[in-house]
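Next come the chains, spelled out residue by residue.
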Amino acid sequence: MDVNLVLRSTRVITPGGTRPASVAVSGGTIAAVLPYDAEVPAGARLEDVGDDAVLPGLVDTHVHVNDPGRTEWEGFWTATRAAAAGGITTLLDMPLNSLPPTTTVANLRIKQEVARAKAHVDVGFWGGALPDNVKDLRPLHDAGVFGFKCFLSPSGVEEFPELDQERLAASLAEVSGFGGLMIVHAEDPHHLAAAPRKQGRAYADFLASRPRDAENTAIGNLIAQARRLDARVHVLHLSSSDALPLIAAAKAEGVKVTVESCPHFLTLTAEEIPDGATEFKCCPPIREAANQDALWRGLADGTIDCVVSDHSPSTADLKTADFASAWGGISSLQLGLPALWTEARRRGHTLEDIARWMSEGPARLAGLRRKGAVEAGRDADFAVLDPEATFTVDPAELQHRNRITAYAGRTLSGVVTSTWLRGERIADRGALAEPRGRLLGRDG
């Protein structure tokens, strides 16, 4: 084999466990995972990262890049730099908050053209399912989108309306007809409308306005539709742990349902959110510590399939101190790995768990067969982490466009020392290379 790079570490996270190893790379692909002291082939360069852990490059399937149209909120250049700095080598862009949204093939082509020269990591795209675009779903699928995002309650932007149960059924029937995937923001609009809604700075009032029952009911309805139509569905950003038994039972029954959660639900709690601190606002919301404990149990037992960022940034002026009117979204693309690792290690989890939740699981969800593991035949994508090092989050050091973060001032464990994309180093202790990312389609 024509090996051009050997990446060596005392801690390589492979599907078979953690071990000292030398990872041989040929033409951007992992050629072999060799013994630690294997001879370096002639002509190959050795990169020895010592005791830093080599994880598979992270795959983040839930990122709002907002480009084009709302590029002042975020853009492909800044978002993918943040991803690279945080150990993410592949991201999938959500179809909304950009103008136009990714709801037709023509709109997809516009977004791809904008992203092409700006991508520091590999980028794929979700399509969107709207009340009036059922006819566009198969063409989008044929054009390579990874699946279709829909809302069951208002999205927050008028150009991306929600689906009622009848329109959800129509879209699911269409998507299941060609074996596609529907990914769903699951909050029930009737429960939201009935919940108390108050203006002001109090986080408790905002939390009351997004009750767990809104998630639980929407997820129950989604599972019923998926069962009836034999459709593949994925629950986005699970916040309510009350829904876990329902999801687990559906999986055991054979319903094609998967679910994700996010670092903010697993590391932040309602009890610690100051009034007026709308950098913590997201929908569904960050809930109480006891709820978080239950989410961790669901993650540990496999009910929750993966952990992704739901990076949903905005300009600073939209993060007013009024929780009712402030834009809802957590900016965390660069910080998800250390944030989750900090809490995971406290709870007795390992870097193998992190790799499964943040790389293997999202890659499997999206069908990215070349991503998600350090093993022969996969892309040579790596996140190299010093898991014992700590740092304090300084928003000025973040790469995303508007440097607002709920993690400001927190001390986190785990420093990403380098990130590698197809055998090329794209981030090195904060220094970033020129864009080398590719645009991915399904099977890419």
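Residues numbered from 1 in each chain as written. Predicted model: local features only at pLDDT ≥ 70, side-chain atom pairs only at ≥ 80, totals over all residues. Heavy atoms only, no water.

Participant: Describe in detail the overall build of the protein, supporting the description with residues and values.
Facilitator: The number of helices and strands found in the protein is 12 helices and 18 strands. The C-alpha atoms of the protein give a radius of gyration of 21 Å, which matches the 22 Å a tight globule of 444 residues would have. In terms of principal-axis extent, the alpha carbons of the protein reach across some 70 × 45 × 45 Å. Relative to its 444 residues, the protein shows a buried fraction of 60%. Just so you have it, the protein exposes about 15600 Å², and 49% of that area is on carbon and sulfur atoms. (Helix = DSSP H or I, 4+ residues; strand = E, 2+ residues; numbered from the N terminus. Rg over C-alpha atoms; globule rule 2.2 N^0.38 Å. Buried < 20%, exposed > 50% of the residue type's maximum accessible area, 1.4 Å probe, protein only. Areas by Shrake-Rupley, 256 points an atom, 1.4 Å probe, with all protein chains shown as cover.)

Participant: Can you explain empty space enclosed by the protein? Please cite residues and give values.
Facilitator: In total, this model carries 4 cavities of 30 Å³ or more according to the counting rule given. Forming the boundary of the largest cavity are 13 residues, of which L58, D60, I88, S309 and M358 lie nearest the centre. Mapped onto the lining of the largest cavity, the elements with two or more residues apiece are β6 (58–63) and α11 (336–346). The element that contributes the greatest number of residues to the lining of the largest cavity is β6, accounting for 3 residues. (1 Å grid on protein atoms, 1.4 Å probe; cavity = no way out; pocket = protein on both sides within 12 Å on 5 of 7 lines; lining within 4 Å. Points joined across faces, edges and corners; volume = space filled by probe spheres on them.)

Participant: I'd love a proper account of the packing of α11 against helix α12 (residues 351–366), names of residues and values included.
Facilitator: Following both chains from N to C, one finds α11 and α12 inclined at 135°, their axes separated by 10 Å at the closest point. Taken together, the axes of α11 and α12 lie oblique to each other. For α11 against α12, the interelement crossing comes out right-handed. Of the residues in α12, those in contact with G336, L337, L340, W341 and A344 of α11 are L351, I354, W357 and M358. Partitioned by chemical class, the residues of the contact of α11 with α12 number 8 nonpolar, 1 polar and no charged. (Axes fitted to C-alpha atoms, helices over the stretch in contact; angles between N-to-C directions. Parallel < 35°, antiparallel > 145°, perpendicular 65-115°, else oblique. Left-handed = near helix turned anticlockwise from the far one by under 90°. Contact = heavy atoms within 4.5 Å. Nonpolar A, V, L, I, M, F, W, Y, C, P; charged D, E, K, R; others polar.)

Participant: I'd love a proper account of the sheet that holds strand β12 (residues 232–235), names of residues and values included.
Facilitator: Taken in spatial order, the 6 strands of this open sheet run β9-β10-β11-β12-β13-β14, and their pairing is parallel. Of all the strands in the sheet, the pair left with one neighbour each is β9 (127–128) and β14 (306–307). As defined by bridge partners, strand β10 (residues 148–151) adjoins strand β11 (residues 181–185) across 4 bridges and the pair is classed as parallel. Looking at the pairing, C150 lines up with V184 of β11. (Pairing = 2+ DSSP bridges.)

Participant: How would you summarise the pairing of strand β2 (residues 17–26) if you had to cite specific residues and measurements?
Facilitator: Each regular strand shows side chains that alternate between the opposite faces of the sheet. Across 8 bridges, the pairing between strand β1 (residues 5–14) and β2 is antiparallel. Residue pairing across strands places L5 opposite V25, the latter belonging to β2. Linkage of β2 to strand β3 (residues 29–35), two consecutive antiparallel strands, is achieved through a turn of 2 residues, within which G27 is found at a positive phi near 60°.

Participant: Explain the confidence of the model for the protein residue by residue, including any values.
Facilitator: When pLDDT is averaged along the protein, the result is 97, and 100% of the positions lie at 70 or above. The element-level mean pLDDT for the protein is lowest in strand β18 (residues 431–432), coming to 96, with strand β5 (residues 53–56) highest at 99. (pLDDT = per-residue confidence, 0-100.)

Participant: Could you give me a rundown of the sheet that holds β6, with the residues and numbers involved?
Facilitator: Pairing within the open sheet is parallel, and its 3 strands lie in the order β6-β7-β8. With one partner strand each, in any of the chains shown, β6 and β8 (122–125) form the two edges of the open sheet. Across the sheet, the mean angle from the axis of one strand to that of its neighbour is 20°, orientation sign disregarded. Examined bridge by bridge, β6 and strand β7 (residues 88–93) share 4 bridges and lie parallel to one another. Opposite D60, over in β7, you have L91 as the bridge partner. Those strands touched by helix α1 (residues 76–85) are β7 and β8, and its axis lies near 140° from that of β7.

Participant: Can you lay out the nonpolar core for me, pointing to particular residues and giving the numbers?
Facilitator: Ranked by internal contacts, the top residues of the largest apolar core, which has 95 residues, are F148, L238, I286, I354 and W357. Contacts of F148, omitting those with residues within four sequence positions, involve W126, G127, G128, A129, L137, L140, H141, V175, F178, L181, M182 and I183. By size, the runner-up hydrophobic cluster in this structure holds 20 residues, among which are W73, L130, F160 and L181. (Core = buried A, V, L, I, M, F, W, Y, C linked by side-chain atoms within 4.5 Å.)

Participant: I'd like a rundown of helix α7 (residues 212–229), residues and numbers included.
Facilitator: Since one α-helical turn is 3.6 residues long, residues separated by three or four positions face the same way. Along its 18 residues, α7 runs 26 Å from first to last C-alpha, staying within 8% of the 26 Å computed at 1.5 Å per residue. Taken together, the buried positions of α7 are occupied by A214, E215, N216, A218, I219, L222, I223, Q225 and A226. Its buried side turned inward, α7 meets α4 (165–177), β11, α5 (189–194), β12, α8 (244–253) and β13 (257–261). One or two positions beyond α7, positive phi appears at D230, with a value near 55°. (Expected span 1.5 Å × (residues − 1).)

Participant: Could you give an account of the pairing of β3, with specific residues and numbers?
Facilitator: Relative to β3, β2 runs antiparallel, the two sharing 6 bridges. Paired with V25 across the two strands is I30, which belongs to β3.

Participant: Break down the side chain of H349 for me, citing the residues and quoting the values.
Facilitator: For H349, the location among the structural elements is in the loop between α11 and α12. Look at H349 and you get buried, because its relative accessible area is 18%. Here D353 takes part through its side chain, which lies 3.4 Å from a polar atom of the side chain of H349. Filtering out sequence-adjacent residues up to four positions away, H349 remains in contact with W296, A300, W341, A344 and W357. (Polar contact = N/O pair within 3.5 Å; in protein donor to acceptor, adjacent residues only side chain to side chain.)

Participant: Hey, could you go over the packing of aromatic side chains for me, with residue numbers and the actual values?
Facilitator: Counted by the stated rule, this structure contains 9 aromatic pairs. An angle of 70° between the planes, with centres 6.5 Å apart, marks the rings of W126 and F146 as edge-to-face. Placement of the pair is W126 in the loop between β8 and β9 and F146 in the loop between α3 (134–142) and β10, with a sequence separation of 20 residues. Like F146, W126 is buried. Judged by centre distance (5.2 Å) and plane angle (75°), the ring pair of Y203 and F323 falls under edge-to-face. Residue Y203 is found in helix α6 (residues 203–209), and its partner F323 is found in the loop between β14 and α11; the two are separated by 120 residues along the sequence. Using a relative accessible area of 3% as the deciding quantity, one classes Y203 as buried. The exposure class of F323 is buried, given its relative accessible area of 1%. Members of the aromatic cluster, connected to one another through ring pairs, are Y203, F206 and F323. (Phe/Tyr/Trp six-rings, centres within 6.5 Å; stacked < 30°, edge-to-face > 60°.)

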